[in-house]
Amino acid sequence: MSIDAYSWIERSLETIHRADWYRSVKAIESRPGSTVILEGQELINFASNDYLGLAGEQRLIDAAIAATQKFGTGTTGSRLLTGHRHLHRELELAIAHLKQTEDAIVFSSGYLANLGTISALVGRRDLIISDRYNHSSLKTGAKVSGATILEYQHNDSEYLREILQQNRHQYRKTLIITDSIFSMDGDLCCLPELLEIATEFNCMLLVDEAHATGILGKTGAGCVEYFGCTGQPLIQMGTLSKALGSLGGYVAGSASLIDFLRNRSPSWIYTTGLTPADTAAALEAVKIIQQQPQRRAQLWQNINKLKQLLQEHQGKTTSRDNFLESWSSFHSPIFCVHLPNATTALKVGQQLKAEGIFAPAIRPPTVSTSRIRITLMATHKLHHLQKLVDVLFSILTNEEVG
Ligand code: PMP
């Protein structure tokens, strides 16, 4: 075989470098928390999805150790063969209870849950309608399914309605897919309108609760609970890797949907079952979010405090209004500082790091516009938030940025 067959890879890497799209990994050298050690430096962590601070929580660690001692490190096979433990079922039932659905199914990651669910539900003769800002796992799941994909403008339910009016009749089944809290912008989908439209046009609706599970709703069930849509005909998907501090994904819905996925979802059938440690840790996390609503309350206190601090600073600042516009209206632990280009975003990210704050730049092609993405945790202290705002404003009001 000619070595030349691979030469395109290096050329491709060069293109990635030239476009400033090259990414490298950096190791966190400590337990997850509101502060972390990165490259030997202690940083306040505004980059994690561990919204409730559970990934370093002793109860989860103990549960993971106990499960590993009892069942070993790996599950050794697919859930349908040797990979199933009672622990998996306990977790699935706990998720179904949290979500108030008939049943739930646990996948080995959230990404695999989206891939396997979408591709099981629709195929070549079907239509998927997708929010433009949806997470990569929803978009990839849509592509893998082979269905026709149409995108609607972000959160624009009227646009969605128009697409359906023009196209719905040509397809056998239609699936609408959306993030609930959008992962890179932190805003919420307009779920009640989406549900109404799905019902009107006889469509399935899949809502990705990855960033909302444990965060939104009275019991932490997510955006569906927050909007009072519990019990509606919906397919709810989520991850065990963000507020739940573990690894894995889930789908919650009707008993027949879950039974169908167990029989038809390739990324569930043909992959090894979630490890005992991840399963036990996630189960403990589901219990904690129900037993300790004060964690969620503390996170929301931090979100509201940050909003207040930003507004106070904004009042004192006369320049850079373009950076400040979006700051008063975030509804989740995720908020963004939009910046004019990737170079500026990278520079601001580096300056934040030099000042002891970890909030890296997110830039194309991951997102359409460059930004600093800041995520809050229940375990952040007031002085963490104050430092973030002070440093951010001092960087953004510096004339060299922009
Ligand atoms: N959906 C959304 C909205 C996400 O943000 C993510 C993870 N970033 C996923 C799905 C995938 O979840 P996991 O990390 O468990 O694969």
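Predicted, not measured: the structure shown is a model, and the values here were computed from it.

### A word on the overall build of the chain
When its secondary structure is counted, the chain shows 15 helices and 13 strands. Relative to the globule expectation of 21 Å for 402 residues, the C-alpha radius of gyration of the chain, 22 Å, shows essentially globular dimensions. Looking at the chain as a whole, 53% of its 402 residues qualify as buried. Intrachain contacts of the chain at a sequence separation of at least 6 include 71% that bridge at least 24 residues. Carbon and sulfur atoms make up 52% of the accessible area of the chain, which amounts to about 18,100 Å² in all. Side-chain charges of the chain comprise 38 positive and 39 negative groups, with the mean position of each set lying 4 Å from the other.

### Quick look at the site of the ligand
Surrounding the ligand, one finds 14 residues, the nearest of these being G110, D208, H211, T239 and K242. Here a nitrogen atom of the ligand sits 2.6 Å away from a polar atom, N or O, in the side chain of D208. Residue S241 places a side-chain N or O atom 3.2 Å away from an oxygen atom belonging to the ligand. Contact with the protein chains removes 84% of the 390 Å² of surface that the ligand exposes when unbound. For the shell around the ligand, a count of residues per class yields two nonpolar, nine polar and three charged.

### Considerations on helix 11 (residues 276–291)
Compared with the 22 Å implied by 1.5 Å per residue over 16 residues, the 22 Å span of helix 11 between its first and last C-alpha is a close match. The buried count for helix 11 comes to twelve of 16 residues, which makes it a mostly enclosed element. Inspection of helix 11 places P276, D278, T279, A280, A281, A282, L283, E284, A285, V286, I288 and I289 among the buried residues, and these make up the whole buried set. Buried residues along helix 11 sit against helix 2 (58–71), helix 3 (86–99) and helix 12 (293–316).

### Some remarks on the sheet that holds strand 7 (residues 204–208)
With mixed pairing, the seven strands of this open sheet are ordered in space as 3-9-8-7-6-4-5. Because the sheet does not close on itself, it has two edges, and the strands there are strand 3 (103–107) and strand 5 (148–152). Within the sheet, the average angular offset between the axes of one strand and its neighbour, ignoring direction, is 20 degrees. Where strand 8 (residues 235–239) lies against strand 9 (residues 249–253), four bridges are found, and the strand directions are antiparallel. If you follow Q236 over to strand 9, its bridge partner there is A252.

### A few points about unusual backbone geometry
Following P364, the chain continues to P365 via a peptide bond in cis, the omega torsion being 10 degrees. On the secondary structure map, P365 appears in the loop between strand 12 (361–362) and strand 13 (371–375). One non-glycine residue, N155, lies in positive phi territory at about 60 degrees. Position of N155 relative to the elements: it lies in the loop between strand 5 and helix 6 (157–167). The phi dihedral of N202 falls on the positive side, at around 55 degrees, and the residue is not glycine. Residue N202 is classed as exposed on the basis of its relative accessible area of 61%.

### Overview of the confidence of the model for the chain
Overall, the predicted model of the chain reaches an average pLDDT of 94, with 95% of residues at or above 70. At the level of chain-chain contacts, confidence expressed as ipTM amounts to 0.99, with global pTM at 0.95.

### Examining the nonpolar core
In this structure, F46, L91, L191, L240, L352, I372 and I374 are the most contacted members of the largest nonpolar core, which totals 89 residues. Beyond its immediate sequence surroundings of up to four residues, F46 is in contact with I357, F358, A359, R373, I374, T375, L376, H380, H384, L385 and L388. Listed in part, the 22 residues of the second largest apolar core include L121, I128, A147 and I269.

### A look at the side chain of N167
Structurally, N167 can be placed in helix 6. Sequence-distant contacts of N167, that is, excluding residues within four places in its chain, are made with L127 and L150.

### Some details on the side chain of T174
Within the fold, T174 resides in strand 6 (residues 174–179). A relative accessible area of 1% places T174 in the buried class. Within the local environment of T174, its side chain forms a polar contact with the side chain of R168, the two groups lying 3.3 Å apart. Excluding anything up to four places from it in sequence, T174 contacts L127, I129, L164, R168, C203 and M204.

### Focus on the packing of aromatic side chains
Under the defined criterion, the tally for this structure stands at one aromatic pair. Relative to F227, the ring of Y226 has its centre 5.1 Å away and its plane inclined at 75 degrees; by these criteria the two rings are edge-to-face. Exposure remark for Y226: the relative accessible area of 46% places this residue in the partly exposed category.

### Let's talk about the environment of T219
Among the structural elements, T219 can be located in the loop between strand 7 and helix 8 (223–226). The partly exposed category is assigned to T219, whose relative accessible area is 34%. In sequence terms T219 and K307 are 88 residues apart; their C-alpha atoms lie 23 Å from each other. Here T219 is in contact with L98, E225, I289 and R296, once residues within four sequence places are set aside. A polar contact of 2.9 Å, which involves the side chain of T219, links it to the side chain of E225.

What counts, and where the lines are drawn
Residues numbered from 1 in each chain as written. Predicted model: local features only at pLDDT ≥ 70, side-chain atom pairs only at ≥ 80, totals over all residues. Heavy atoms only, no water. Helix = DSSP H or I, 4+ residues; strand = E, 2+ residues; numbered from the N terminus. Rg over C-alpha atoms; globule rule 2.2 N^0.38 Å. Buried < 20%, exposed > 50% of the residue type's maximum accessible area, 1.4 Å probe, protein only. Contact = heavy atoms within 4.5 Å. Areas by Shrake-Rupley, 256 points an atom, 1.4 Å probe, with all protein chains shown as cover. Lys, Arg positive; Asp, Glu negative; His and termini not counted. Charge placed at Lys NZ, Arg CZ, Asp CG, Glu CD. Near = heavy atom within 4 Å. Polar contact = N/O pair within 3.5 Å; in protein donor to acceptor, adjacent residues only side chain to side chain. Nonpolar A, V, L, I, M, F, W, Y, C, P; charged D, E, K, R; others polar. Expected span 1.5 Å × (residues − 1). Pairing = 2+ DSSP bridges. Axes fitted to C-alpha atoms, helices over the stretch in contact; angles between N-to-C directions. pLDDT = per-residue confidence, 0-100. Core = buried A, V, L, I, M, F, W, Y, C linked by side-chain atoms within 4.5 Å. Phe/Tyr/Trp six-rings, centres within 6.5 Å; stacked < 30°, edge-to-face > 60°.

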